[in-house]
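Residue-level listing of the chains:
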Amino acid sequence: MPLSTRSVRLLAATASALTLGACAAVGPNFKAPEGPKGAAAAGYAMARDAVAPGVRLSPEARTAGPWWQAFGSPELDGAIRQALADSPTIAEARATLEKTQADARAVRGEQFVRVDANASAERERINLAAFGFSGFPGQPPISSPTINLYQVGGSVSYDLDLFGKKRRATEQANAKADAAARQADAAYLTLSGNMAMQAMKIAGLRAQMAEVHDIVADDRRVIDMVRKAEAAGGQAHSALSSGVAQLAEDEAMLPPLQRDLDAARHQMALLSGKSPAAWTAPDFDLAKLTAPAEVPVSLPSQLIRNRPDILAAEADLHAATAAIGVAVANQYPDIRLSAVLTQEAIKPGDIFKADSAAWTILGGLTAPIFHGGTLKAERRAAEADARVSLARYEQTVLRAFVQVSDVLSNLGADQQSIDSLKVVNLAAESGARDAQNALRLGGGPMLDVVQAQRTLSRARRALVEAQGRRMSDLVELYAATATDWRTAS
């Protein structure tokens, strides 16, 4: 039955009023959490933690460019930039981000009017007998006719979204896209940090190997001294045996260091998205790496806004909160408006004539009555999932604070170790010179030289190990505090 003009106008006016009135979405509105109480004022250090020299708390900790440039190494800068461009890990993060962004656009499209077009051509045989018509009395039966039917038309539909289900779904999808963006940032930061850590490991191992080579050279000089003294009758042959044993012991330190160095180079190739045969890591030199005199570190309150993993956890919490709104809206009625216009004719030339038009306007309401408790259970599940996301967020924040505290404490301990080991090295070098001079002048036994050389060997290695460890801890500090990792485009 056709609708009157008045009815159509009334339906349109009602739809417009409902559309304008549908501005509030059910469910909780998301509010970014403030983080653990007292975190902003408490700082990072625990009582009695070692104080990290050169570290300055700053409301806005930024370096001039990407953080790794603070070490003054063009080789490190080039290696990290290449890794950021070629790493499969970064490619995966980018693709995941593109997917979630496309998903968000698809969900957002559900809020708008849907317009579809359709067309068809049919050939149909009409069975008149099925309608009880077989012909006129006394006349031959009328055969069922075969006709062509052509249709063209379109439809328009719109969900009024009275309780904001689609808007909450869009909010949820946008939050998931934001989480993916933060996870991509975290992938960048993690990759750059891991590359720098391997570079510092390479530099430290090469420095240790250089020290061992120097120690081996000293051992050989001592052996040469003993041989000369033995030839002159000033030393027994047993002294030479002690020197040879010390040389072998020191040379045995080289293969494990070489093994660790090769592994670090291979790992750096992996991070760069290359095979070890296709790419060789630079020979980073510990002496050429510059330790920054001062490192700006974000305040705890700012760290929450800087670290990508914290921001990703916050976005996940936002998505979980929006999901509650979707579950709540499922418990309320839904109204959908639609209109269909069709042009039908048995001849193609008649399809666009005015009397070939047919139309339908429909307003449909769907309201849940009984779903076996499913809708309430889904709402409770969404609320529980939001609590899970909140707990994960808080745990992520605490883990970040602990990581920064650990690194700051390690840096303090590193500096104390370096200062002490420098004193030990000076003393060991002096002791080794005295023992060698005494042996050369015939006033000291070979055993004293060997013992002094062993002490110097350990002191040298310990010092370069501490220096390399401090550089690695500086890298970890930059990464832990999420200092700028973005490269210039």
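Use the structure listed above.
Note that the structure is a prediction, hence the values are computed from the model and not measured.

Parameters and conventions
Residues numbered from 1 in each chain as written. Predicted model: local features only at pLDDT ≥ 70, side-chain atom pairs only at ≥ 80, totals over all residues. Heavy atoms only, no water. Helix = DSSP H or I, 4+ residues; strand = E, 2+ residues; numbered from the N terminus. Buried < 20%, exposed > 50% of the residue type's maximum accessible area, 1.4 Å probe, protein only. Contact = heavy atoms within 4.5 Å. Areas by Shrake-Rupley, 256 points an atom, 1.4 Å probe, with all protein chains shown as cover. Pairing = 2+ DSSP bridges. Axes fitted to C-alpha atoms, helices over the stretch in contact; angles between N-to-C directions. Salt bridge = Lys/Arg side-chain N within 4 Å of Asp/Glu carboxyl O. Parallel < 35°, antiparallel > 145°, perpendicular 65-115°, else oblique. Left-handed = near helix turned anticlockwise from the far one by under 90°. Nonpolar A, V, L, I, M, F, W, Y, C, P; charged D, E, K, R; others polar. Expected span 1.5 Å × (residues − 1). Arc of directions from axis to C-beta. Core = buried A, V, L, I, M, F, W, Y, C linked by side-chain atoms within 4.5 Å. Phe/Tyr/Trp six-rings, centres within 6.5 Å; stacked < 30°, edge-to-face > 60°.

### Some remarks on the overall build of the chain
- When helices and strands are counted, the chain shows 11 helices and six strands.
- Counting over 489 residues, the chain shows a buried share of 38%.
- When contacts within the chain are restricted to residue pairs at least 6 apart in sequence, long-range pairs at least 24 apart make up 85% of them.
- Only carbon and sulfur atoms are counted for the fraction: they give 56% of the accessible area of the chain, which is about 26,600 Å².

### Observations concerning the sheet that holds strand β6 (residues 357–366)
- Within the open sheet, the four strands sit side by side as β2-β3-β5-β6. Their pairing is antiparallel. Whereas interior strands pair on both sides, the edge strands pair on one side only; in this sheet they are β2 (114–125) and β6. Pairwise comparison of adjacent strand axes, ignoring direction, gives a mean angle of 20° for this sheet.
- The pairing of β2 with strand β3 (residues 146–159) spans 12 bridges and is antiparallel. In the strand pairing of β3, A117 is matched with G154.

### Comments concerning unusual backbone geometry
- Even without glycine at this site, D161 takes up a positive phi of about 50°.
- Note that D161 resides in the loop between β3 and α5 (165–231).
- When its relative accessible area of 9% is taken as the criterion, D161 is described as buried.

### Quick notes on the pattern of salt bridges
- A full pass over the atoms with the stated rule returns 23 salt bridges.
- Its salt-bridge partner being K166, residue E110 comes within 4.0 Å of it at the nearest N-O pair. Placement of the pair is E110 in the loop between α4 (88–109) and β2 and K166 in helix α5, with a sequence separation of 56 residues.
- Among the residues examined, E110 registers a relative accessible area of 32% and is labelled partly exposed.
- For K166, a relative accessible area of 18% gives the class buried.

### A word on the packing of helix α10 (residues 374–440) against helix α11 (residues 446–480)
- Across the interface, α10 lies against α11 with an axial gap of 7 Å and an inter-helix angle of 160°. Here α10 lies roughly antiparallel to α11, going by the angle between them. By crossing handedness, the relation of α10 to α11 is classed as left-handed.
- A per-class count over the contact of α10 with α11 returns 22 nonpolar, 10 polar and nine charged.

### Regarding the packing of helix α9 (residues 308–329) against α10
- At a closest axis distance of 8 Å, the pairing of α9 and α10 adopts a crossing angle of 170°. When the axis of α9 is compared with that of α10, the two are roughly antiparallel. Facing α9, whose interface residues are D309, I310, A313, E314, D316, L317, A320, A323, I324, A327 and V328, α10 presents E378, R379, A382, E383, D385, A386, S389, L390, Y393, T396, V397 and A400.
- Grouping the amino acids of the contact of α9 with α10 by side-chain chemistry returns 14 nonpolar, two polar and seven charged.

### A look at the pairing of strand β4 (residues 295–298)
- Because side chains alternate across β4, one face comprises the buried residues V295 and V297, and the other comprises P296 and S298, equally buried.
- With four bridges connecting them, strand β1 (residues 55–58) and β4 associate as parallel partners. Note on β4: the bridge partner recorded for L57 is V297.

### Overview of helix α7 (residues 254–271)
- For α7, built from 18 residues, the straight-helix expectation of 26 Å at 1.5 Å per residue is met to within 8% by its first-to-last C-alpha distance of 26 Å.
- When α7 is considered as a whole, its buried residues turn out to be L254, L257, L261, A264, M268, A269 and L271. One face of α7 carries all of its buried residues, which in axial projection span an arc of 165°. When the buried face of α7 is taken as reference, the exposed residues oriented beyond 90 degrees from it are P255, R259 and L270.
- At the C-terminal side of α7, G273 shows a positive phi close to 75°.

### Some thoughts on the environment of V424
- With respect to the secondary-structure elements, V424 resides in helix α10.
- Remark: the alpha-carbon pair of V424 and A459, spanning 35 residues in sequence, is separated by 6.4 Å.

### Overview of the nonpolar core
- If you look at the biggest cluster of nonpolar residues, it comprises 78 residues, and the most contacted ones within it are W67, F71, L76, M195 and M268.
- At 19 residues, the largest contribution of residues to this core is made by α5.
- Sequence-distant contacts of L76, that is, excluding residues within four places in its chain, are made with W68, F71, A196, A199, M200 and F284.
- Among the nonpolar cores identified, the runner-up in size contains eight residues, and V26, I324, A329 and A382 belong to it.

### Observations regarding the environment of Q453
- One can find Q453 in helix α11.
- Once the C-alpha coordinates of Q453 and Q436 are considered, the two residues, 17 residues apart in sequence, prove to be 9.2 Å apart.

### Notes on the packing of aromatic side chains
- Throughout the structure, instances matching the rule amount to four aromatic pairs.
- Judged by centre distance (5.7 Å) and plane angle (80°), the rings of W67 and W68 are edge-to-face.
- Judged by its relative accessible area of 0%, W67 is buried.
- When its relative accessible area of 0% is taken as the criterion, W68 is described as buried.
- On the basis of an interplanar angle of 75° and a centroid distance of 5.9 Å, the ring pair of F71 and Y478 is categorised as edge-to-face. In this pair, F71 is assigned in the loop between β1 and α3 (74–86) and Y478 in helix α11, connecting sequence segments 407 residues apart.

### Brief notes about α11
- An ideal rise of 1.5 Å per residue puts 51 Å on 35 residues; α11 measures up with 50 Å between its terminal C-alpha atoms.
- Counting buried positions along α11 gives 25 out of 35 residues, so the element sits mostly inside the fold.
- Just downstream of α11 lies A482, where phi reads positive at about 55°.

None of this, on its own, says anything about what the molecule does.
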